[in-house]
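Remarks on the overall topology
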Amino acid sequence: MQVCGLWPFAVGTGTPMVGVPIGLQLFTGATVCADPISWFQDANLISNPSVFVLGLPGLGKSTLIRRMAAGGAGMGNLPLVLGDLKPDYVDLIAALGGQVITLGRGRGHLNILDPGEATQAAERLRLAGKETERQQVLADAHARRHTMVSALLTILRKQPPTDREESILDAALKVLDEHHNGVPVLGDLLQVLRDAPPEVRAVALDRGDRTRYNQITEDLEASLISLTSGGRLGETFAHPTDVPMMRDRPVVYDVSSIDDTDVDLQAAILLACWSAGFGTVNVANALADAGLEPRRHYLVILDELWRALRAGRGMVDRVDALTRLNRQRGVGLAMISHTMSDLLALAEEDRMKAKGFVERAGMVVAGGLPAAEMPMLTSAVALSRAEQELLASWQDPPAWDPVAGRETEPPGRGKFLIKVGGHPGIPVKVELVQRELAVNDTNKAWRPMAVPPLPTAGAASGSTSGEDVA
Ligand SMILES: Nc1ncnc2c1ncn2[C@@H]1O[C@H](COP(=O)(O)OP(=O)(O)OP(=O)(O)O)[C@@H](O)[C@H]1O
Ligand SMILES: [Mg+2]
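Residues numbered from 1 in each chain as written. Chains lettered and ligands numbered in written order. Predicted model: local features only at pLDDT ≥ 70, side-chain atom pairs only at ≥ 80, totals over all residues. Heavy atoms only, no water.

**Focus: the site of ligand 1**
- Within the structure, ligand 1 sits among 17 residues, and Lys61, Ser62, Thr63, Lys86 and Val430 are positioned closest to it.
- Side-chain polar atom of Lys86 to an oxygen atom of ligand 1: 2.7 Å apart, as the coordinates give it.
- The contact in question runs from a nitrogen atom of ligand 1 to an N or O atom on the backbone of Val430, over 2.8 Å.
- The element contributing the most residues to the shell around ligand 1 is helix α3 (residues 61-74), with three residues.
- Residues belonging to the shell around ligand 1 are distributed by class as follows: four nonpolar, nine polar and four charged. (Near = heavy atom within 4 Å. Polar contact = N/O pair within 3.5 Å; in protein donor to acceptor, adjacent residues only side chain to side chain. Helix = DSSP H or I, 4+ residues; strand = E, 2+ residues; numbered from the N terminus. Nonpolar A, V, L, I, M, F, W, Y, C, P; charged D, E, K, R; others polar.)

Dropping the structure here:
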């Protein structure tokens, strides 16, 4: 009875000391280290190197992942931020000496038919006599391009293309691969469709009748025209890529110029960035497997996942296809979304698959969430009643500080519960260090400007509001 009361003997297990230092265990003050790559590779704590972060807006999800990225970079894991909508990561990646690629309406192009470095890598693999790897690299590049065209069509039409259209696209892309010199763009794909080569006509099932072919491909042609002529999704995807992504540096795609109301373009750009990013990782992995380049480890960051998923029926499948890697070795994945309700608001057939993202993640990190979320969350991750209450308490609104006349920090800011399978969660408070604060201000737009006090304010009166402005 007495011993239980002695600090810290009543506490069960310690916390893992492998990985990026995150902060302090909320109840014991012990240091908590965690990141998906170290926990998978060095500590064998999780079954795959991925983390799914959930929590209400503004509680510090991006900040937590930024820490994992910065710490991981120090251990040699290159962070790849495939689509930064805020921008939350640009300052950090720039500070790490990485590559910042800007995309948006009228800012930069990302050609979704560009196989990136896959062609070059395939050539190197051929010269090295690595035929299997070469085949895989080319097959992956082909599949990625096909998935991306289908994804853009899905976003444009709010429903996936039909089976027949998928086969037509597949055949047309193969024709492009074989007969086109240089890197094709969407306009070239449209031209193949119009030229109606025999391979494409065969899968279109036009039965030798050109009029029938035209009828069958009319919708597809219309969609491709919209994509190439600056339709709803603009011209971002229809021109040659301006800045190719590097494989040996941290990278961020800055897509923050896209307006939040431009839902479709946001989703399309996110997908295009993921496709380019995962394609690059695959190439790097294949070259490393063949012993042609040193093995690099990447932490791929997909923030604001819900924005891509809400863009239309069938998007979950596209995300799943794009984010799947041939060889998972050395690649950590961090996915961030708000709540399970975002995932469950999807169309019936997508819902279960979206839940699978959470279920399959090596670790789930949950921040403040409303109590109504708990039944949905517990169906994907086991949470005890105490853990559920803890999460619910972190979403309480901040208290009003009557002395300073403003709100205090939200109680749940920076607090997370790290869950691995059925193990008890580790509650942690993310502690920011001084050097981090400079690259950490995601509320920049809301900071008061340094306005000089009005002459009548009485500079020496000691008014708190004067100090606030200063
Ligand atoms: N551990 C922390 N200590 C102090 N400030 C923090 C901490 N975590 C986050 N913040 C601050 O809280 C604000 C919001 O953080 P952040 O952008 O990471 O939240 P988020 O959960 O990603 O939000 P959203 O869902 O809107 O993307 C930022 O200004 C950040 O600097
Ligand atoms: Mg965020």
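**Regarding the pairing of strand β5 (residues 99-102)**
- With burial as the criterion, only one face of β5 is covered, namely that bearing Gln99 and Ile101; the residues Val100 and Thr102 on the opposite face remain uncovered.
- With four bridges joining them, β5 and strand β6 (residues 251-254) adopt parallel strand pairing. For Thr102, the partnering residue across the bridge sits in β6 and is Asp254. (Buried < 20%, exposed > 50% of the residue type's maximum accessible area, 1.4 Å probe, protein only. Pairing = 2+ DSSP bridges.)

**Describing the packing of helix α5 (residues 118-127) against helix α6 (residues 131-157)**
- Where α5 meets α6, the axes come as close as 8 Å, and the angle between the chain directions of the two elements is 170 degrees. As judged from the angle between their axes, α5 and α6 are roughly antiparallel. Considering how the two elements wind past one another, α5 and α6 form a crossing that is left-handed. Across the interface between the two elements, Ala118, Ala122, Leu125 and Arg126 from α5 touch Glu133, Arg134, Val137, Leu138 and Ala141 from α6. (Axes fitted to C-alpha atoms, helices over the stretch in contact; angles between N-to-C directions. Parallel < 35°, antiparallel > 145°, perpendicular 65-115°, else oblique. Left-handed = near helix turned anticlockwise from the far one by under 90°. Contact = heavy atoms within 4.5 Å.)

**Focus: the packing of aromatic side chains**
- Counted according to the given criterion, the structure contains zero aromatic pairs.
- Of note, Arg201 hangs over the ring of Tyr213, and the distance from its end group to the ring centre comes to 5.9 Å. (Phe/Tyr/Trp six-rings, centres within 6.5 Å; stacked < 30°, edge-to-face > 60°. Lys NZ or Arg CZ within 6 Å of the ring centre and 35° of its normal.)

**Here we look at empty space enclosed by the protein**
- Tallying each qualifying case throughout the model produces two cavities of 30 Å³ or more.
- Put simply, the largest cavity is a space of about 40 Å³.
- What lines the largest cavity is simply Thr63, Arg66, Arg67, Ala70, Leu92, Glu436, Val439 and Asn440.
- Sorting elements by how many residues they give to the lining of the largest cavity places α3 first, with four residues. (1 Å grid on protein atoms, 1.4 Å probe; cavity = no way out; pocket = protein on both sides within 12 Å on 5 of 7 lines; lining within 4 Å. Points joined across faces, edges and corners; volume = space filled by probe spheres on them.)

**Considering the side chain of Lys61**
- Mapped onto the elements, Lys61 comes out in helix α3.
- One buried charged residue, Lys61, remains without a salt bridge, the closest side chain of opposite sign being Glu304 at 6.6 Å.
- A polar contact of 3.0 Å, which involves the side chain of Lys61, links it to the backbone oxygen of Leu56.
- Other than its neighbours up to four places away in sequence, Lys61 contacts Val53, Leu54, Gly55, Leu56, Ile336, Ser337, His338 and Phe416. (Lys, Arg positive; Asp, Glu negative; His and termini not counted. Salt bridge = Lys/Arg side-chain N within 4 Å of Asp/Glu carboxyl O.)

**So, the sheet that holds β5**
- Judged by pairing direction, the sheet is mixed, and its 11 strands sit side by side in the order β2-β1-β13-β12-β9-β3-β8-β7-β4-β6-β5 without closing on themselves. What marks the edges here is a single partner per strand, and that holds for β2 (31-33) and β5. Neighbour-to-neighbour, the strand axes of this sheet turn through a mean angle of 25 degrees, independent of strand direction.
- Relative to strand β7 (residues 297-302), strand β4 (residues 77-84) runs parallel, the two sharing five bridges. Within β7, the residue paired with Leu80 across the bridge is Val300.
- Along the sheet, helix α11 (residues 263-289) contacts β4, β6, β7 and β8 (331-336); its crossing angle with β4, the most-contacted strand, is approximately 160 degrees.
- Helix α15 (residues 348-360) rests against β3 (50-54), β8 and β9 (363-366) of the sheet, and its axis sits at about 115 degrees to β3.

**Comments concerning the domain arrangement of the protein chain**
- Split by domain assignment, the protein chain resolves into domain 1 (1-110 + 241-439) and domain 2 (111-240).
- Here the C-alpha centroids of domain 1 and domain 2 sit 32 Å apart.
- At the interface, 38 residues of domain 1 touch 35 residues of domain 2.
- Interface area for domain 1 against domain 2, summed over the two sides, is near 3,000 Å², with a carbon-plus-sulfur share of 56%.
- The tally of links from domain 1 across to domain 2 stands at four salt bridges.
- For Asp264, the salt bridge is made with Arg232, and the minimal N-O distance between the two is 2.9 Å.
- One can count 13 residue pairs in polar contact (both at pLDDT 80 or more) joining domain 1 with domain 2. (Domains from an automatic or database assignment. Buried area = accessible area lost by both parts, 1.4 Å probe.)

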